[in-house]
Amino acid sequence: EDQVTQSPEALRLQEGESSSLNCSYTVSGLRGLFWYRQDPGKGPEFLFTLYSAGEEKEKERLKATLTKKESFLHITAPKPEDSATYLCAVQNFGNEKLTFGTGTRLTIIP
Amino acid sequence: EAQVTQNPRYLITVTGKKLTVTCSQNMNHEYMSWYRQDPGLGLRQIYYSMNVEVTDKGDVPEGYKVSRKEKRNFPLILESPSPNQTSLYFCASLSGSGHEQYFGPGTRLTVT
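So, here is what we can say about the structure in this document.

Details of the pattern of salt bridges
Residues and elements named next belong to chain A.
Then, in step 1: By the definition in use, this model includes eight salt bridges over all chains.
Then, in step 2: Between R37 and D39 there is a salt bridge, with the nearest N and O atoms lying 3.1 Å from each other.
Then, in step 3: Among the ionic pairs, K57 bridges to E55, the shortest N-O distance being 3.8 Å.
Then, in step 4: Residue E55 is classed as buried on the basis of its relative accessible area of 19%.

So, the side chain of B:S33
All names here are of chain B.
Then, in step 1: Mapped onto the fold, S33 is located in strand 4 (residues 31-38).
Then, in step 2: Judged by relative accessible area, which is 0%, S33 ranks as buried.
Then, in step 3: In this structure the side chain of S33 is engaged in a polar contact, spanning 3.3 Å, whose partner is the side chain of Y35.
Then, in step 4: In this view, S33 contacts Q45, Y47, Y48, F74, F90, C91, A92 and Q101; residues no more than four positions away in its chain are not counted.

Topic: the pairing of strand 4 (residues 30-38) of chain A
Residue and element names in this part refer to chain A.
Then, in step 1: With seven of nine residues buried, strand 4 is to be regarded as a mostly interior element.
Then, in step 2: Where strand 4 and strand 9 (residues 84-92) come together, eight bridges link them in antiparallel fashion. For G32, the partnering residue across the bridge sits in strand 9 and is Q91.
Then, in step 3: For strand 4 and strand 5 (residues 45-50), the ladder comprises five bridges, and the chain directions are antiparallel. In the sheet register, R37 faces strand 5, and the bridge partner there is E45.

Thoughts on the layout of surface pockets
Then, in step 1: Of the volumes computed, that of the largest pocket is approximately 590 Å³.
Then, in step 2: Considering the residues around the largest pocket, the lining is formed by 25 residues, among which A:Q38, A:T85, A:T102, B:Q37 and B:P39 are closest to the centre.
Then, in step 3: For the lining of the largest pocket, the elements supplying multiple residues, two or more each, are strand 9 and strand 11 (104-109) of chain A together with strand 4 and strand 9 (87-94) of chain B.
Then, in step 4: The residue inventory of the lining of the largest pocket, partitioned by class, reads seven nonpolar, 12 polar and six charged.

Quick word on the state of the cysteines
Residues and elements named next belong to chain A.
Then, in step 1: A complete count under the given rule lists two disulfides over all chains for this structure.
Then, in step 2: Paired by a disulfide, C23 and C88 hold their sulfur atoms 1.9 Å apart. Negative torsions about the S-S bond denote left-handed disulfides, and the value of about -60° found for C23 with C88 makes this one left-handed. Taken together, the positions of C23 in strand 3 (residues 19-26) and C88 in strand 9 put the pair 65 residues apart, joining distant regions of the chain.
Then, in step 3: What makes C23 buried here is its relative accessible area of 0%.

Some details on unusual backbone geometry
Then, in step 1: For the peptide bond that leads from A:S7 to A:P8, omega is -10°, which places it in the cis range.
Then, in step 2: Cis geometry marks the peptide bond from B:N7 to B:P8, where omega comes out at -5°.
Then, in step 3: Note that B:P8 resides in the loop between strand 1 (4-7) and strand 2 (10-13).
Then, in step 4: Positive phi, close to 55°, is recorded for A:E60, a residue that is not glycine.

Remarks on the nonpolar core
All names here are of chain A.
Then, in step 1: Counting residues in each nonpolar core, the largest one holds 23 residues, and the members touching the most others are L33, W35, L73 and Y86.
Then, in step 2: Going through the elements one at a time, strand 2 (10-14), strand 3, strand 4, strand 5, strand 7 (62-66), strand 8 (70-75), strand 9 and strand 11 are the ones with two or more residues in this core.
Then, in step 3: Counting residues per element, this core draws most heavily on strand 9, which supplies four residues.

What counts, and at which threshold
Residues numbered from 1 in each chain as written. Chains lettered and ligands numbered in written order. Predicted model: local features only at pLDDT ≥ 70, side-chain atom pairs only at ≥ 80, totals over all residues. Heavy atoms only, no water. Salt bridge = Lys/Arg side-chain N within 4 Å of Asp/Glu carboxyl O. Buried < 20%, exposed > 50% of the residue type's maximum accessible area, 1.4 Å probe, protein only. Helix = DSSP H or I, 4+ residues; strand = E, 2+ residues; numbered from the N terminus. Polar contact = N/O pair within 3.5 Å; in protein donor to acceptor, adjacent residues only side chain to side chain. Contact = heavy atoms within 4.5 Å. Pairing = 2+ DSSP bridges. 1 Å grid on protein atoms, 1.4 Å probe; cavity = no way out; pocket = protein on both sides within 12 Å on 5 of 7 lines; lining within 4 Å. Points joined across faces, edges and corners; volume = space filled by probe spheres on them. Nonpolar A, V, L, I, M, F, W, Y, C, P; charged D, E, K, R; others polar. Disulfide = S-S within 2.5 Å. Core = buried A, V, L, I, M, F, W, Y, C linked by side-chain atoms within 4.5 Å.

Spelled out as structure tokens, the structure:
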């Protein structure tokens, strides 16, 4: 059974204080690992897809990296508008199922 | 504008009264899926479809049905809703090439 574990559950940072969110996964065959941002009461918003170990992708203050067992979402010099829940998911190559983690709730304090 | 739409956005119903939540996408995506989101449990996949007339069970399919007669539409059917199906539901579609997944705005369902 595919599993995704995200840590920490919640993270509070001062504005400008860089940090990383972790997503550990087990999957029989990885088609892709996804990162999303979710604001309260809204649908998740796609950020990145990573396909293979060593891959990295960047978007503004966010950078996602992937190894064979985990992915990190690095947040550099965050701003209050980066406050949200960040979700990680893996898609199984064999059956195309998607499995999500429970997310990291990030709060950036001005 | 690329989007996934869901209707209704909010629904309060009673146990046993059949209901359908509609989902439509305008991006010609082949892959569509339904999720429910509950506090502490995250997003869990209910059903997914890799193309027209092709559907498969996700992690929590019990009590739900789906159909995929057209590429753009993927309705979620609750034949006999129960209170444990009270949840926030999301429909999503996934592009084949870039693997970008787009989510709808959500349907908040309460079953009393």
